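Remarks on the overall topology
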Amino acid sequence: MTIPRDIIPLSNTVVPSSPSLSAFFNAGASPSYETSYFPVVPKKQLKPFNTGDIRILLLEDIDRTARELLQKEGYQVESHTSSLRDSELAEKIRDVHVIGIRSKTKLTASVLDHAENLLAIGCFCIGTDQVDLEYAAKRGVTVFNSPFSNSRSVAELVIAEVIMLARRICDKSMEMHFGTWQKGSTRSREIRGKVLGIIGYGHIGSQLSVLAESMGMSVLFYDVVPLMAIGKAKQVKSLAELLVSSDFVTLHVPETLETRDLIGRTELETMKKGSYLINASRGCVVDLQALCEVMRSGHLAGAALDVFPREPSDDGPYFNEDLARWVTEIRDLPNIILTPHIGGSTEEAQEAIGAEVGGALLRYINFGCTIGAANMPEVTLRSLTVAEESHLRVIFIHQNRPGVLRQVNDILGDHNVDKQMSDSRGDIAYMMADISKVDSTEVQALYTKLEVLSCEIPKFLSPLRPYFGSTR
Ligand SMILES: NC(=O)c1ccc[n+]([C@@H]2O[C@H](COP(=O)([O-])OP(=O)(O)OC[C@H]3O[C@@H](n4cnc5c(N)ncnc54)[C@H](O)[C@@H]3O)[C@@H](O)[C@H]2O)c1
Ligand SMILES: O=C(O)[C@H](O)COP(=O)(O)O
């Protein structure tokens, strides 16, 4: 029996013969591995399969911490410093088992349709809006991200921008660069005692709240859910209330249908005269044309933009029409800070993200653990040890509907199910079971039965995901 390629993490470049089960039986004690953040693989665990068969594509200059972690595990890792053009992405994603991206690479349903062996996506950033999470789950592809490793970096950038806007530092610096000494205190202010209005009081917003208060600012925040205020911060009931009361308004919401153009002309005009706007969330959240016009009218005293509706895929001169059209106008206005989406780009944040997402991918690929997944139920079982070398771990991703689990368990029931965990998230369910004392012939028989069962489930669910057998 051959196992369909879409459900077997084997690469025909490393295993030149046709894909077979053998790779799942290359058990042996895994080298112990620890990062400085947390242990990834506890000592004395079984190595699930020939890890050299796993192919990983890392895009967008993902930190070397991740690359080294994955390479050390034996995976084949290909790294690129930028994102890829559509056609190249479609080609490269075809064979890989894992793809690592940051905020630029769009993994839409049509891109994912090119992926024949994909098991997991690592978003080495906070945002997951660039991935069609639901479609990935339906294809049995698990997505991981790093929910807060760069939050502090963004919060620090915003604090810096609040001060720079209040003192018009960018303009002053530019004047000096171009040979003008222009001392003066007009329209330069302290931030102490001013009101910072935070829209979106999540990881970044709440971290920023602490920093702002420690500098003597008062904090108001608006969020769609009631949240515990930190320090003396106060949650307001409406966006309008925040806008009319704040000296600085800063955005920290995710990109969703609701947040698109959240700040348009009406909202900008509702802001206090002489106030400032900061956007380090997503470019689509602010209507740039309206911002241009409201800035030109002198209603706002300044703005800082770190994100744009469309961003170039590579470093260098930017030609993106949308970005350039408004930036061309905006950059001629006074007191505007423009940065190339660097809120989370610090060495500390990137290293932490590399370790976190790299570790999550490793635990998923090797052991099927979905803890921290952005689109799957969270399921884990303790790892198998050398004493359990004849165990087989079966992962079964399926549609969350009555009867599927019973059918799976009917099949597993011919063996001793040592441990099992199952959970669902929306329409997707994830079952993990360790069955003991299985030899390779039995595994093949088991897979055959599960394959037949899988045919009863819509193909797009890619329901069967056998991970590893550890018999020698
Ligand atoms: N510039 C950068 O480099 C950079 C770095 C990290 C994150 N980000 C962006 O910042 C966003 C926020 O990050 P986070 O870690 O704080 O996210 P988070 O999920 O912890 O917090 C987001 C908050 O926004 C709230 N929210 C959602 N919709 C809202 C709406 N319509 N109005 C008001 N509040 C709303 C949520 O309830 C939540 O409390 C990310 O989704 C990402 O897009 C940008
Ligand atoms: O979502 C994020 O974490 C930020 O937007 C940072 O994205 P980046 O990793 O592409 O800089």
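This one's a predicted model, so the numbers in the text were calculated from it and none came from an experiment.

Rules of the game
Residues numbered from 1 in each chain as written. Chains lettered and ligands numbered in written order. Predicted model: local features only at pLDDT ≥ 70, side-chain atom pairs only at ≥ 80, totals over all residues. Helix = DSSP H or I, 4+ residues; strand = E, 2+ residues; numbered from the N terminus. Buried ≥ 20, exposed ≤ 12 C-beta atoms within 10 Å, placed from the backbone. Contact = placed C-beta atoms within 7 Å. Axes fitted to C-alpha atoms, helices over the stretch in contact; angles between N-to-C directions. Parallel < 35°, antiparallel > 145°, perpendicular 65-115°, else oblique. Left-handed = near helix turned anticlockwise from the far one by under 90°. Nonpolar A, V, L, I, M, F, W, Y, C, P; charged D, E, K, R; others polar. Pairing = 2+ DSSP bridges. Near = placed C-beta within 6 Å. Domains from an automatic or database assignment. pLDDT = per-residue confidence, 0-100. Arc of directions from axis to C-beta.

**A closer look at the overall build of the protein**
Along its length, the protein carries 14 helices and 18 strands. Out of the 472 residues in the protein, the part that is buried amounts to 45%. Looking at the protein alone, contacts between residues at least 24 apart form 66% of all its contacts between residues at least 6 apart.

**Considerations on the packing of helix H1 (residues 64-72) against helix H12 (residues 347-367)**
Relative to each other, H1 and H12 sit at 30°, their axes nearing to 7 Å. Classified by the interaxial angle, the pair formed by H1 and H12 is roughly parallel. The element H1 and its partner H12 pack so that their crossing is right-handed. Across the interface between the two elements, Thr65, Ala66, Leu69 and Leu70 from H1 touch Glu351, Gly354, Ala355, Val357, Gly358, Gly359 and Leu362 from H12. Partitioned by chemical class, the residues of the contact of H1 with H12 number 6 nonpolar, 4 polar and 1 charged.

**Observations concerning the environment of Met295**
For Met295, the position within the fold is in helix H10 (residues 288-296). We classify Met295 as buried; it has 21 C-beta atoms within 10 Å. For the pair Met295 and Arg139, spaced 156 residues apart in sequence, the C-alpha separation works out to 46 Å. Not counting residues within four places of it along the chain, the set of residues in contact with Met295 comprises Leu300, Ala303 and Leu333.

**A short note on the sheet that holds strand S13 (residues 300-305)**
The strands that make up a sheet pair up through hydrogen bonds in the backbone, lying either parallel or antiparallel. A sheet is described by the order of its strands in space; here 7 strands give the open sequence S10-S9-S8-S11-S12-S13-S14, paired in parallel fashion. Of all strands in the sheet, those bounded by a partner on one side alone are strand S10 (234-235) and strand S14 (336-338). With respect to the sheet, helix H7 (residues 203-214) is in contact with strand S8 (195-199), strand S9 (218-222) and strand S11 (248-251), its orientation differing from that of S9 by roughly 165°.

**Side note on the site of ligand 1**
With respect to spatial proximity, 33 residues lie near ligand 1, and among them Gly200, Gly202, Ile204, Pro254 and Gly343 are the closest. Elements supplying a minimum of two residues to the shell around ligand 1: helix H5 (151-167) and H7. With 3 residues, H7 is the largest single contributor of residues to the shell around ligand 1. Looking at the shell around ligand 1 residue by residue, the classes come out as 14 nonpolar, 14 polar and 5 charged. When residues of the shell around ligand 1 are assigned to domains, at least three map to each of domain 1 (49-150 + 346-383) and domain 2 (151-338).

**Description of the confidence of the model for the protein**
Across the protein, pLDDT averages 85, with 85% of residues at or above 70. Under a pLDDT of 50 for its full length, residues 1-43 has, in the predicted model, 81 contacts with residues more than four places off or in other chains. Here residues 455-472 scores under 50 on pLDDT; set against residues more than four positions off or in separate chains, the count is 65 contacts. Two numbers describe this predicted complex: its pTM, 0.87, and its ipTM, 0.99.

**What to know about the site of ligand 2**
Around ligand 2 lies a shell formed by Arg102, Ser103, Lys104, Cys125, Ile126, Gly127, Asn150, His341, Gly344 and Ser345. Taken together, the residues that form the shell around ligand 2 break down as 2 nonpolar, 6 polar and 2 charged.

**What to know about the pairing of strand S12 (residues 275-279)**
Counted residue by residue, S12 has 5 buried out of 5 residues, so it is predominantly covered. Residues Ser275, Leu277 and Asn279 line one face of S12 and the alternating positions Tyr276 and Ile278 line the opposite face, and both faces are buried. Note: S11 against S12, 4 bridges, orientation parallel. Bridge assignment links Thr250 to a residue of S12, and that residue is Ile278. Sheet topology places S12 next to S13; 5 bridges connect them, and they run parallel. Considered in S13, the bridge of Asn279 is made with Leu305.

**Description of helix H13 (residues 404-412)**
Every buried residue belonging to H13 is among Val404, Val408 and Leu412, and all of these are buried. The buried side chains of H13 occupy one side of the element, clustering within an arc of 65° when seen end-on. Seen from the open side of H13, the exposed residues pointing more than 90 degrees away from its buried face are Arg406 and Asp410.

**Some words on the sheet that holds strand S6 (residues 120-123)**
Across the sheet, 5 strands lie side by side as S4-S3-S5-S6-S7; this open sheet has parallel pairing. Edge strands, defined here as strands with exactly one partner in the open sheet, are strand S4 (76-79) and strand S7 (142-144). On average, adjacent strands in this sheet sit at an angle of 15° to one another, irrespective of strand direction. Across the sheet, H12 lies against strand S5 (98-101), S6 and S7, angled at about 170° from S6, the strand it touches most.

**Quick notes on the domain arrangement of the protein**
On domain assignment, one finds that the protein holds domain 1 (49-150 + 346-383) and domain 2 (151-338). Just the C-alpha atoms count here: the centres of domain 1 and domain 2 sit 31 Å apart. Residue-level contacts link 11 residues of domain 1 with 10 residues of domain 2. Counted by class, the side of domain 1 that touches domain 2 contains 3 nonpolar, 5 polar and 3 charged residues.

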